[in-house]
Amino acid sequence: MAGSNGPKIIVYDLETSHNILAKFDLREEYTNHQNIIQERYIICASWKELGGRTLHSVSTYTPDDKAICQHLSKVLSTADTAIAHNGDNFDVRYLEGRMLHHGLPPLPPFTKVDTLKIARKR
């Protein structure tokens, strides 16, 4: 995947909607899964190739985020390295979960850099 100018590095982020829940009391700590009216979904994703000039994004106004998952999967599949803030604990895991929900194949292996982990070490 690396071109003549070195490895392809993608910087990306995704944003999700809220879960919509039916709850009797806001002080309840436990919420039964049957109380989920609408599960959260990916609202948008943005990415840029490191060193590139163009910022790309894809979004939806409906709970059907399959097209976003497919698009971001294609982008990350071309990367040698992907950089995201809290990417290890959220972005990659949530994207892969939504891809599984839609019956899409998993992401291929690539190097991940999580800037939140780097910041916490310093």
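Heads up: the structure comes first, above all this text.
Being a predicted model, the structure only gives us computed values, none of them experimental. (Residues numbered from 1 in each chain as written. Predicted model: local features only at pLDDT ≥ 70, side-chain atom pairs only at ≥ 80, totals over all residues. Heavy atoms only, no water.)

(A) Broad picture of the environment of P109. For P109, the position within the fold is in the loop between helix 2 (87-101) and strand 7 (111-114). Judged by relative accessible area, which is 78%, P109 ranks as exposed. Along the chain, P109 and I36 lie 73 residues apart, while their C-alpha atoms are 33 Å from each other. (Helix = DSSP H or I, 4+ residues; strand = E, 2+ residues; numbered from the N terminus. Buried < 20%, exposed > 50% of the residue type's maximum accessible area, 1.4 Å probe, protein only.)

(B) Quick look at unusual backbone geometry. Here the phi dihedral of N86 falls at roughly 65°; this positive angle occurs in a residue that is not glycine. Examined against the element boundaries, N86 turns out to sit in the loop between strand 6 (81-84) and helix 2. With a relative accessible area of 24%, N86 lands in the partly exposed category.

(C) Region of the structure containing the side chain of T81. Looking at the secondary structure, you find T81 in strand 6. A residue is classified by how much of its surface remains accessible, and T81, at 15% relative accessible area, is buried. With sequence-adjacent residues up to four places away left out, T81 is seen in contact with K8, I9, I10, T111 and V113. (Contact = heavy atoms within 4.5 Å.)

(D) Broad picture of the pairing of strand 5 (residues 55-59). Here strand 4 (residues 42-49) pairs with strand 5 via five bridges, running antiparallel. Bridge pairing in strand 5 places W47 opposite H56. Between the antiparallel neighbours strand 4 and strand 5 lie five residues, among them G51 with a positive phi of about 90°. (Pairing = 2+ DSSP bridges.)

(E) Main features of the packing of aromatic side chains. Tallied over the entire structure, the rule returns one aromatic pair. Ring geometry for F90 and Y94: centres 5.4 Å apart, planes at 10°, overall stacked. With F90 and Y94 both in helix 2 and four residues apart, the pair spans about one turn of that helix. Since its relative accessible area comes to 12%, Y94 is described here as buried. Sitting over the face of the ring of F110, K112 holds its NZ or CZ atom 4.6 Å from the ring centroid. (Phe/Tyr/Trp six-rings, centres within 6.5 Å; stacked < 30°, edge-to-face > 60°. Lys NZ or Arg CZ within 6 Å of the ring centre and 35° of its normal.)

(F) Local environment of the sheet that holds strand 7. Pairing is mixed across the open sheet formed by five strands, whose spatial order is 5-4-1-6-7. Every other strand in the sheet has two partners, leaving strand 5 and strand 7 as the edge strands with one partner each. Each neighbouring strand pair of the sheet contributes to a mean axis angle of 25°, computed without reference to strand direction. Pairing of strand 1 (residues 9-16) with strand 4, which is carried by seven bridges, proceeds in the antiparallel orientation. Each bridged residue has a counterpart across the sheet, and for E15 the counterpart in strand 4 is C44. Across the sheet, helix 1 (residues 66-77) lies against strand 1, strand 4, strand 5 and strand 6, angled at about 20° from strand 4, the strand it touches most. Together, strand 1, strand 4, strand 6 and strand 7 form the strand contacts of helix 2, whose direction differs from that of strand 1 by roughly 75°. (Axes fitted to C-alpha atoms, helices over the stretch in contact; angles between N-to-C directions.)

(G) Representation of the nonpolar core in the model. Core analysis: the largest hydrophobic core is formed by 22 residues, its most contacted members being Y12, L72, L76 and L95. By residue number, the principal contributor to this core is helix 1, which donates five residues. The residues contacting L72, other than those within four sequence positions of it, are Y12, L14, A45, W47 and L95. (Core = buried A, V, L, I, M, F, W, Y, C linked by side-chain atoms within 4.5 Å.)

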